[in-house]
Amino acid sequence: FANCDFYGGENVTFDTGSDGFHSQGPCWNGRWTGTRGQSSDDMIAFTTTNLNFTQYDLPDANGSFMNMQISDVQEMQSANHRCILIEANEGYGYSGIKIDGVQAIHNGQNAVSITSQDATTGFVQDISIRNISGGYNLAAAVNIGGPTASGLLTIGTVSIDGITPRDPTTGVENVLVNGRVTIGKLLVNGLIQRPLSMKSAIRPTGANVTINQLIVTNCRGDLDLTNAAGNLQMLNLETGTFRHVVVRDCYLTGSGTTRNAQMVAITNPATTTRIDIVNCYHDGNTYLFAPFTITNVPTVHLIGTVSNGLFVCSTSDSYNLAVDGIEIIACSGGLAFNNGATSKTFGIFARGIKNTAGTTLFNYGTTNTFNV
């Protein structure tokens, strides 16, 4: 399809060696429901320009998309291909994209991919993604990947609601953000992190990743740490710039002691300004909040949260910590807050802490300065 208005497909089954539905901008008011079968490429694809896709070099086929609705996609193949591709190139983009209901049964590719080709720019004004059932060994249920070497993908609001892994024993990230991308607001709600070997449920990573507001709510992780391939996180801010992060009403639990499980982890060189962890429950063997060797000084708020484990682990970083109305149960190693850094400065405001088992509330580390 190219240069179309009021178009789409209903109850179509594919068995093809190429894309199922492919749309080239500009297009308006597309509707797809009940797409089934298998393809050797994307099941439903949108590209604003042909760029590297010479087979789509059509007249008047460069432009943006507006008001696209996709529902009830069941992709049956076992090959490594995306269910839905949203690609913004050469200054064009998307407004009013709604995706509801994708069942992915395949290896090593995304259910939904939002991307730009390298050395180009594109935008997504707003996109809503709901009810994604991940496949076996899925690369990521939702992958937001900007250009790599140059260019920029700019996104206003991404709303993701409801991701459930299909296979309970394997997988990687549920939500992955990488490349050269700037996001105004990323909301993730109702995510279930279940596979044994899954890494971070939500993982933004990359020096050119910027998220102004990242909100994670009502997510759950049930992890078998003994069989995990690595440390597990609900949210892992690995690299990039994150101005305001909120994790609210989330639950993380784990069995076994081979690996660590963190509700929120920050790793250098990630830059964060403020992190709020509100009304969460953590029973994940080790620490709820883990800032690892970060160089900036974020403000961290821990409010109304229960932790059955080490609450905060800090290795060699400074931060300002506000603690209000939390409960700490059966701390690992008898420490509630392990500020085991060297020659760092901490500002701590603590109110309403119930510490039922830890023998030490704060471990001061070595030659640190504490304003408590």
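Residues numbered from 1 in each chain as written. Predicted model: local features only at pLDDT ≥ 70, side-chain atom pairs only at ≥ 80, totals over all residues. Heavy atoms only, no water.

Draft legend 1. Main features of the overall build of the protein. In terms of regular secondary structure, the protein is built from zero helices and 31 strands. Taken across its 372 residues, the protein has 52% of its residues classed as buried. The long-range fraction of contacts in the protein, counting pairs at least 24 apart against all pairs at least 6 apart in sequence, stands at 76%. (Helix = DSSP H or I, 4+ residues; strand = E, 2+ residues; numbered from the N terminus. Buried < 20%, exposed > 50% of the residue type's maximum accessible area, 1.4 Å probe, protein only. Contact = heavy atoms within 4.5 Å.)

Draft legend 2. Geometry of the pairing of strand β14 (residues 200–204). In terms of burial, β14 is largely enclosed, as four of its five residues are buried. Taken together, the three bridges between strand β12 (residues 173–178) and β14 define a ladder with parallel strand orientation. Opposite leucine 176, over in β14, you have arginine 203 as the bridge partner. (Pairing = 2+ DSSP bridges.)

Draft legend 3. Main features of the packing of aromatic side chains. Within this structure, the stated rule accounts for nine aromatic pairs. Taken together, a centroid distance of 5.2 Å and an interplanar angle of 90 degrees make the contact between tyrosine 7 and tryptophan 32 edge-to-face. Linking tyrosine 7 in strand β1 (residues 2–10) with tryptophan 32 in strand β3 (residues 21–39), this pair joins segments that are 25 residues apart in sequence. Across the pair, exposure class does not vary: tyrosine 7 and tryptophan 32 are buried alike. Here tyrosine 251 and tyrosine 281 contribute two aromatic rings whose centre-to-centre distance is 5.1 Å and whose plane-to-plane angle is 15 degrees, an arrangement assigned as stacked. (Phe/Tyr/Trp six-rings, centres within 6.5 Å; stacked < 30°, edge-to-face > 60°.)

Draft legend 4. Local environment of the nonpolar core. One finds Phe46, Ile84, Ile114, Ile144 and Leu186 to be the most contacted residues of the largest nonpolar core, which totals 77 residues. Setting aside anything within four residues of it in sequence, one finds phenylalanine 46 in contact with Tyr7, Ser23, Trp32, Phe65, Met68, Ile70, Leu85, Ile86, Glu87 and Tyr94. (Core = buried A, V, L, I, M, F, W, Y, C linked by side-chain atoms within 4.5 Å.)

Draft legend 5. Main features of the environment of glycine 37. Its location among the elements puts glycine 37 in strand β3. Leaving out residues up to four positions away in the same chain, glycine 37 has contacts with Thr13, Phe14, Met43, Gln74, Glu75, Met76 and Gln77.

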